[in-house]
Amino acid sequence: MFHGPGGGFRRMAGLEEKKAHDTRRTLRRMLEYLRPFWARGILVMVLVVVSALLQLAGPYLIGRAVDQFIVVGDRPGLARTILLLLAVYLVGWVAMGRSFYLMAAIGQRVLLHMRTQIFERIQSLSLSFFDQHESGDLMSRLVNDVQVIAQVLNMGIVQFVGSVLGLVGIVIAMLALNVRLALATFTVLPAMFLVSFVFSKRARTAFRRTRETIGQVSAELEEKIAAVREVQAFSREEENQSRFAQLIAADRDANVQAVGITSAFSPTLNVLSSVATAIVAGYGGYLALRGDVTVGLIVALLTYVRSFFQPIRSLAQLWAHLQAALAGAERVFELIDTEPDLVDAPDAVEMPLIVGRVVFDNVSFAYKADEPVLEDVCLVAEPGQTIALVGVTGVGKTTLVNLLGRFYEATSGSVTIDGHDVRQVTRSSLRRQMGVVLQDTFLFSGTVADNIRYGRLDASDEEVIEAAKLAGAHDFISRLPEGYATELGEQGRNLSQGQRQLLSIDRAVLADPRILILDEATSSVDTRTERLIQAALEELLQGRTSFVVAHRLSTIRNADQLLVIEDHRIVERGTHSELLAAGGVYHDLYMSQFRREAEQ
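Residues numbered from 1 in each chain as written. Predicted model: local features only at pLDDT ≥ 70, side-chain atom pairs only at ≥ 80, totals over all residues. Heavy atoms only, no water.

Peer 1: Help me understand the side chain of N451, please; the structure alone is not making it clear to me.
Peer 2: Of note, N451 is situated in helix α13 (residues 448-453). The class of N451 is buried, set by a relative accessible area of 2%. Among the polar contacts listed, one links the side chain of N451 to the backbone oxygen of T447, at a separation of 3.1 Å. With sequence-adjacent residues up to four places away left out, N451 is seen in contact with L443, F444, G446, L488 and R507. (Helix = DSSP H or I, 4+ residues; strand = E, 2+ residues; numbered from the N terminus. Buried < 20%, exposed > 50% of the residue type's maximum accessible area, 1.4 Å probe, protein only. Polar contact = N/O pair within 3.5 Å; in protein donor to acceptor, adjacent residues only side chain to side chain. Contact = heavy atoms within 4.5 Å.)

Peer 1: Would you mind going over the environment of F199 with me for this structure?
Peer 2: Inspection of the secondary structure assignment puts F199 in helix α7 (residues 189-226). For F199, a relative accessible area of 18% puts it in the buried group.

Peer 1: For this particular structure, what's the right way to read the packing of aromatic side chains?
Peer 2: For any pair of aromatic rings, geometry is given as the distance between the ring centres together with the angle between the planes. The final tally for this structure, using the stated rule, is six aromatic pairs. Ring plane angle 5° and centroid distance 6.3 Å describe the contact between Y33 and F333, whose orientation is recorded as stacked. With Y33 in the loop between α1 (7-32) and α2 (38-70) and F333 in helix α10 (residues 295-336), this pair connects stretches of sequence that are 300 residues apart. Ring centres of Y367 and Y408 lie 5.3 Å apart, and the angle between their planes is 90°; on these two criteria the pair is classed as edge-to-face. Of this pair, Y367 sits in strand β1 (residues 358-368) while Y408 sits in the loop between α11 (397-404) and β4 (412-417), and the two are 41 residues apart along the sequence. On the basis of relative accessible area, Y408 is assigned to the buried category, the value being 9%. Feature note: the residues F365, Y367 and Y408 constitute an aromatic cluster, connected by ring pairs. Lying over the aromatic face of F333, R29 brings its terminal NZ or CZ to 4.1 Å of the ring centre. (Phe/Tyr/Trp six-rings, centres within 6.5 Å; stacked < 30°, edge-to-face > 60°. Lys NZ or Arg CZ within 6 Å of the ring centre and 35° of its normal.)

Peer 1: I tried to follow the packing of helix α14 (residues 461-470) against helix α16 (residues 497-511) on my own but got confused; where do I start?
Peer 2: Running from N to C, α14 and α16 cross one another at 120°; their axes reach a closest spacing of 8 Å. When the interaxial angle is binned, α14 and α16 end up oblique. Along this stretch, α14 crosses α16, giving a crossing that reads as right-handed. Residue-level inspection shows E463, V464, A467, A468 and L470 of α14 in contact with α16, the latter providing D506, V509 and L510. Residue classes in the contact of α14 with α16 are distributed as six nonpolar, no polar and two charged. (Axes fitted to C-alpha atoms, helices over the stretch in contact; angles between N-to-C directions. Parallel < 35°, antiparallel > 145°, perpendicular 65-115°, else oblique. Left-handed = near helix turned anticlockwise from the far one by under 90°. Nonpolar A, V, L, I, M, F, W, Y, C, P; charged D, E, K, R; others polar.)

Peer 1: Mind showing me how you'd approach the pairing of β1 here?
Peer 2: Successive side chains on a regular strand alternate, one facing one side of the sheet and the next facing the other. Here β1 runs beside strand β2 (residues 371-381); their pairing, made up of seven bridges, is antiparallel. Bridging from a neighbouring strand, V359 pairs with V380 of β2. Count of turn residues in the β1/β2 antiparallel hairpin: two residues, of which D370 carries a positive phi of about 70°. (Pairing = 2+ DSSP bridges.)

Peer 1: Please clarify how the sheet that holds β4 should be interpreted in this entry.
Peer 2: Two orientations exist for strands paired in a sheet by backbone hydrogen bonds: parallel and antiparallel. Strand order in the open sheet made by the four strands is β2-β1-β4-β5, with antiparallel pairing throughout. Two strands in the sheet have a free side with no partner beyond their single neighbour: β2 and β5 (420-421). Of the pairings in the sheet, the one linking β4 to β5 comprises two bridges and is antiparallel in character. Bridging from a neighbouring strand, I417 pairs with H420 of β5. Here α11 sits on the sheet and contacts β1, β2 and β4; the angle it forms with β1, its principal contact strand, is near 115°.

Peer 1: Sorry, what's going on with the environment of L389 here?
Peer 2: As for its position among the elements, L389 is in strand β3 (residues 386-390). In this structure L389 comes out as buried when scored by relative accessible area, which is 0%. With 130 residues separating them along the chain, L389 and D519 place their C-alpha atoms 9.3 Å apart. If near-sequence neighbours (up to four positions away) are discounted, L389 is found in contact with K397, L400, V401, V548, V549, A550 and L563.

Peer 1: Explain the sheet that holds strand β12 (residues 569-574) here, please?
Peer 2: Spatially, β6-β9-β10-β3-β11-β12 is the arrangement adopted by the six strands of the open sheet, whose pairing is mixed. The sheet is open, and its two edges are formed by β6 (434-437) and β12, each paired on a single side. Taken pair by pair, the neighbouring strands of this sheet meet at an average axis angle of 15°, ignoring direction. Where strand β9 (residues 515-519) and strand β10 (residues 545-549) come together, five bridges link them in parallel fashion. Among the inter-strand pairings, L516 is bridged to a residue of β10, identified as S546.

Printed below as a string of structure tokens:
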């Protein structure tokens, strides 16, 4: 499409302006983390200034030694100058070292604060966020990207200030020694600035790509390590290796490109440094032969020229690291700026002690627009009742109980507990009075007792043991090498699936919830273990409102209400005997499962 003269140029200019604005904003946010340490930062800057000034005195003292002492053979004067030179460099080195130490300490505190801030944000986000983001990529932002930012904040400020002061000081010193030679040397500066501009622009794009690829590698690695049993069970090692090799190759190529760009910059500066040195040697030698300058002045200028490109090289390296840090900061701040889609209402109150009357009033929900999962769901659960949810896989049973705990927000309608809309009470006060046992159990690193106590951290050892007895887990725990003190591997891999499920139920038992949610809690255990759990649950469910998502229909025959979900709606409700007698969907599901079990 034709946009008129200059339209494309204006769009490009606008895009570049926006990128520059975003870069400045990102850089300002990075520097904001240093604000609490301003007093120590001032001390760092003082030390940097002292170091830079002392380093500038070195070439001057060398030139003075040549002209005043070496030429005339004044050995005592030369010795005094050399000692003074050593003292100057030593004090400058100590000042610079101390400034780096102090800045590194500040950087570690920034690292701590930033990682804590990210972790707090991650903990506050709802389940819908994690449905769309890989945990490995989030870990990469928390670990890798923050580390890159901290490295720049650690050394970057000192390096930048020291290099700028050194560069300005060298320029002033060279002009003070001889204006003509200094100006002749500065003829290489336009080429240097042009090279710096070109390299920095390419480096930013390259380093942004490296942060993205390492995030992809981390996500893939985390997933495949977690799924190693499934990988080996289906003999997918070669496919996974091929997939991982592709990601590693992409990460390698991105890093090679970034390193290639930055590494080409240093040799370019070396060439310009050699040109500047040749200018001083040639032109300075010509002036010395004419008697316009002394040999000591030429030596001093040559030393300054050699030093002149060192801060430029340091700034170039810092610029390259800054590009990586900015790319990482964009990913980190994107995560920090992610607003939870589920937050407590401004006027939210603490949930009173739950009695247990639950009402779903015309509740609908969709993960994506125009793709409903639940539509016009209405149900009433009286205190102490057990509500069983039945239906084929994927009809929305788990989604319904997730709405009760406000892990997701209903698209329309309302969910109330004892007359309190769950959107008008704080989530923490609501969830503290709910217990959830999922089909996919998760156990933490630590002892068996620690995992049970996760349901109530202040529980005594006796209460932990009592909960285990109630859920039928005490016998198998007692047979473990260290009993309740047995250390569990990652996610309890050294236990069977049934044992892990029992510990998950123990956790809910110990929490003593007013509302209990069992999401296919017995689907992963054998028949004998299931009978033990059912006996324990009959005791546990007394006096509590419970929602049971059932896989085995034989386990919910005693439920007060059976709700059959089909096509996003509740299509049947009643007791087990009532629904069997009706000969509808539940009757067909039950008989079908009964026949399968009989055939086995």
